[in-house]
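Listed below are the residues making up each chain.
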Amino acid sequence: MAALLNTPVPDTPSPAGSVAPAQGKPGRAARHWGRWLLAALVVLAVAGFAASRYLDPWLHKKLEQQVAAQTRGQYRLRVGELHTSFWQRAIRLRRVRLRPAETVADTLPRVRLDVARLSIRGIDLLALLRKGVVPIDSVVLDSARIDVLALARKPAKTARKPLHERLPLHLQGLEIDYLGLLNVQGAYLPGSQPTARFARADLSAHAMRIDPAGAADTQRLGYALAWRLRLQQARATAAGHRLALVGARLSTAGGLLQLDSLRIQPRGPRQPDQAQITLALPRLRLSGLDALALRYRHRWQADSLHLQAPTLTASLPAQSSASQTSSLRSYLEKLDLAYLRLENGFVRMGAGAAAVQASKVLLTGWGLHYGPAAAPDSGRVFFARSWTVALGPSRATVADHALSLGGLRLSTQARTLALRAVQVRPPAPGHGPPGAVRVELTMPDLALSGFDAGALQHRQHFRADTLTIGNARLKFTPPAQPPPPVWKLLAGIARRSDLSQLVVKNAAVQIAGLRHTPQISGLYLTGSAIRIDSLAALGPARIAYAKAWRVRSGLITAPFDPPYYRAASQQMHLDTDARRLVFTGMSLTPAFSAVGMNRHKGYQAPAISIRLRSLTFDGLDFAALVRRTDFRTARLTVQSPVVRIASDGRGPINPHYSKVSPEQMRQLPVLVDIRQLIIRDGNLYSSYRSPLTPIVGRLSINRFNGRFFNLSNDPSRQTAATPLTGSATTYLQNRCRLDARVSMYLLDPLGRHRVWGAFGPGQFAMLNSMTVPTRLVEFKRGTVRRLRFDMHADRRRVTGTTWAEYSGLQLRLLRYDRPEIEQSLLTRLKSKVVNFVVIRDQNPRKGGKFATGQTTSTREPRFSVFTLWRQGIVSGLFNNVGVPQKLAQKLSESKDEAPLPK
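Caption draft 1: Region of the structure containing the environment of Thr-783. Structurally, Thr-783 is set in strand 39 (residues 777-793). Thr-783 sits 24 residues away from Ser-807 along the chain, and the two C-alpha atoms are 5.4 Å apart. Separated by 3.0 Å, the side chains of Thr-783 and Gln-763 make a polar contact.

Caption draft 2: View of the packing of aromatic side chains. Inspection of the entire model under this criterion finds nine aromatic pairs. Geometrically, the ring pair formed by Phe-759 and Phe-789 is tilted, given 5.9 Å between the ring centres and 45° between the ring planes. Placement of the pair is Phe-759 in strand 37 (residues 753-759) and Phe-789 in strand 39, with a sequence separation of 30 residues. Grouping residues by exposure puts Phe-759 and Phe-789 together as buried. Relative to Tyr-806, the ring of Phe-764 has its centre 5.9 Å away and its plane inclined at 85°; by these criteria the two rings are edge-to-face. One end of the pair, Phe-764, is in the loop between strand 38 (762-763) and helix 13 (768-775); the other, Tyr-806, is in strand 40 (residues 797-813), and 42 residues separate them in sequence. Phe-764 gets classed as buried once you look at its relative accessible area, which sits at 4%. On the accessibility criterion, Tyr-806 (0% relative accessible area) is buried. Positioned above the aromatic ring of Tyr-564 is the side chain of Lys-601, whose terminal nitrogen or guanidinium carbon lies 4.6 Å from the ring centre.

Caption draft 3: Structural view of helix 10 (residues 594-601). Turning to helix 10, its buried residues number three or more, namely Ala-594, Gly-596, Met-597 and Asn-598. Where helix 10 is buried, its residues contact strand 27 (565-575), strand 28 (580-590), strand 29 (607-618) and strand 32 (642-648). Trailing helix 10 by a residue or two, Gly-602 shows a phi angle of about 85°, which is positive.

Caption draft 4: Here's a closer look at the pairing of strand 19 (residues 416-425). As defined by bridge partners, strand 17 (residues 401-405) adjoins strand 19 across three bridges and the pair is classed as antiparallel. Counted as the bridge partner of Ser-404 is Gln-423 from strand 19. When strand 18 (residues 407-411) meets strand 19, the two strands line up antiparallel, connected through five bridges. Bridge pairing in strand 19 links Arg-409 to Ala-418. Adjacent in sequence and paired antiparallel, strand 18 and strand 19 are bridged by four residues, among which Arg-415 carries a positive phi angle near 60°. The pairing of strand 19 with strand 20 (residues 438-449) spans eight bridges and is antiparallel. Paired with Val-424 across the two strands is Leu-441, which belongs to strand 20.

Caption draft 5: Region of interest: the side chain of Ser-690. Mapping Ser-690 onto the fold places it in the loop between strand 33 (672-689) and strand 34 (697-712). Looking at Ser-690, its side chain comes within polar contact range of the main-chain oxygen of Thr-774, at 3.4 Å. Not counting residues within four places of it along the chain, the set of residues in contact with Ser-690 comprises Pro-773, Thr-774 and Asp-896.

Caption draft 6: Structural view of a positive patch on the surface. Together, Lys-780, Arg-781, Arg-828 and Lys-832 line one region of the surface with positive charge. Listed by contribution, the elements that provide at least two residues to the positive patch are strand 39 and helix 14 (825-838). With respect to the helices, strands and loops of the structure, Arg-781 is situated in strand 39.

Caption draft 7: Region of the structure containing the pattern of salt bridges. Inspection of the entire model under this criterion finds 37 salt bridges. The salt bridge involving Arg-117 is made with Asp-142; its shortest N-O contact spans 3.0 Å. Placement of the pair is Arg-117 in strand 3 (residues 110-121) and Asp-142 in strand 4 (residues 133-150), with a sequence separation of 25 residues. A salt bridge links Asp-211 to Arg-209; the nearest nitrogen and oxygen atoms lie 2.5 Å apart. On the accessibility criterion, Arg-209 (28% relative accessible area) is partly exposed. Via salt bridges that share partners, Arg-632, Asp-673, Arg-675, Asp-714 and Arg-717 belong to a single interconnected network.

Caption draft 8: Spotlight on helix 14. In a regular helix each residue adds 1.5 Å, so 14 residues correspond to 20 Å; helix 14 covers 19 Å between its end C-alpha atoms and thus fits that length. Within helix 14, burial applies to Thr-827, Ser-831 and Asn-835. The arc that holds every buried residue of helix 14, seen down its axis, measures 70°, which confines them to one face. Opposite its buried face, helix 14 presents the exposed residues Leu-825, Leu-826, Lys-832, Phe-836 and Val-837, each directed more than 90 degrees away. In this structure, the buried residues of helix 14 make contact with strand 40 and strand 41 (815-817).

Cut-off values and rules
Residues numbered from 1 in each chain as written. Predicted model: local features only at pLDDT ≥ 70, side-chain atom pairs only at ≥ 80, totals over all residues. Heavy atoms only, no water. Helix = DSSP H or I, 4+ residues; strand = E, 2+ residues; numbered from the N terminus. Polar contact = N/O pair within 3.5 Å; in protein donor to acceptor, adjacent residues only side chain to side chain. Phe/Tyr/Trp six-rings, centres within 6.5 Å; stacked < 30°, edge-to-face > 60°. Buried < 20%, exposed > 50% of the residue type's maximum accessible area, 1.4 Å probe, protein only. Lys NZ or Arg CZ within 6 Å of the ring centre and 35° of its normal. Contact = heavy atoms within 4.5 Å. Pairing = 2+ DSSP bridges. Patch = residues over 30% accessible without salt bridge, like charges linked within 9 Å, V, L, I, M, F, W, Y side chains within 5 Å. Areas by Shrake-Rupley, 256 points an atom, 1.4 Å probe, with all protein chains shown as cover. Salt bridge = Lys/Arg side-chain N within 4 Å of Asp/Glu carboxyl O. Lys, Arg positive; Asp, Glu negative; His and termini not counted. Charge placed at Lys NZ, Arg CZ, Asp CG, Glu CD. Expected span 1.5 Å × (residues − 1). Arc of directions from axis to C-beta.

Function-wise, these values are silent; they only describe arrangement.
Written as structure tokens, this is what we have:
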């Protein structure tokens, strides 16, 4: 082996000499490549020296000339420094200034630009020379200011081309890994609105591709895969408003948009056709925003939108612009927002007294979806799966009424609505339309459960389980013209309303503007299965739109024949299922005494006081009462009435026809049908002051018990064959029993009716408490064993017969000599003559003959029918005891008239 290694190599090629030359080629090739490398280095060094010596000035001058040429002299560019680096494939510019020429054509906007530093790195020089798509690592513009002074009035056609078709040097495109605009200031000041300026903006884009492929790529936004923006101290004016923004952040990759301290204020007076808005928004944060869906599919999709403490005041035009609405819908075809929250907001809409204002607003929505082209989703309420709304103190003006709320809370998921501290105030006197409805309401609490907001929105069907109102105070003045039915009033909101139960607790209601203005306190009301629509209004099974009502109340008061009387009831109970209505502790109280009544009315008018233990309606037809105001009841029971009638005979007779007469039933504007009227344990106390003496006469009717049938003005029930009938038992002066019966055809135009009955036994002297002071006649003695009467009356007179069984009757005529009633010598003589000549002292007579008396008395239509009956009894009694018929009639018709009391 060593010998072989030491064998010398021959100088001449051997037969197999092809191997030796092959062994010497790598050395020569290495020497050639070394020379080429050395030459390349020399060339690069020379090129770098030439570039640093000649290229930078040439590019500097070429760039400025290119701008002037492409803008046709409308702009000039000045670059302070320009440096290129072949090793880094970079170009750096400093102090770049772009200025418009003194005379600028209308084809370009007027822009002023100052850039402190511009750095472009990683330029693909080969692609640049080929004018293809040029990759660039980064483009960073630092510390710049741009001012837009005016827009192009006649933009060139190329201005409408996309950016990738307007690249310099006719490049096919640019691929920029990173684009950064740092510390940029700007202003948009065209000389008229809108204008804008900002103190600093930092904008960056990643993976930017400016070419046709990048423009068509739906995964890019503005040629880039991602954008980031940070904005500080921005201001703008537009549409008559000033806008100020402390800061903003946007990240398309993170789907984040955040605005800090946004303020919008009006600028100048409001125009009638222009909206005016004042907004203060400390923070708006939008997360999960899909910017690509918004750009390419017009779909606004995000995870959450959070608005913190916004304060909004807006005055909107009377009619919204249809063009603005249509343009918004064309741009925003679909909206999807998982979560929306607005907290601690303040809203004021409108101006002046008609403004709507809400404070401490909390609004939360889940699963918002909006798509005009899609069919309405009945499972959503105003495009959301559920809403929670809470309001603090709020106010508005509705139909000239001031409405205020202490708070409101609505949850569509829990199906609840609650209001607290509700107040409604009517317009001041003299304000508002004359004859319009007026409402004054204080309502501490209102709660609605089972509220189906979706049915109300999509089908105009109000549906809920229970509406509870607590401690409300309502004063209601109905309009001068009768309002339409309730279902018509609600038709604009709901074509149908269904409420399972309405509960009102401890309410107070006053209905003003009527002659008889009722006031109700302590009202408790429950309505079941309430349905409000046109069918329910006519349904026979419903009463005021409900299947059933239950009501109880405390004190009820109302003026009666104002200002002379006030009616009251301590309690009231109503049950439509039981068809029962009960008033407890009723009273009718006069405002004046008998003297005061005469003075105020100008004629004789009694002061009547009535008290009832209870007034009970059984079998009351509530449906007929509500629909047609027909008053139909099976039984009306008056328990323990106490009636006090105080009269004064001084003054002219009442010039008006009495309303207490059978003929008045024909004049009633409503239908009355009482099958049975029961009066139990009644008492009537009458006092009368005649012009003859100042001493008041008194008479009482006690222990009245009566039962009457068919008290009706219904022609189908009240006929001559089926008139009003009844019977009663009472005691005169609580000592003499009276049994009476009546038969009265209430619709008889002649007012014909019959009354008959019997008195006795008793003493005539029991009448002295009335006859002595008012007629100066005293029954000295006499006993009535039985007195029967039968009277027939009509609109002109009363006739009949009286049968009086009595004995020992003697009268004494008196005279009034202040201050006493006494018998003078003349009156004694008159008394003896009357007792001896006129008066029969007994009946039947000593011979056994029984005398009867003829009842004859003329009816005075200004007096009640009860006065007519009294006249008949007096006439018949006087005639029966011996007074001639003509004189008896005259005595029964005597009317006291005297000057009004002073």
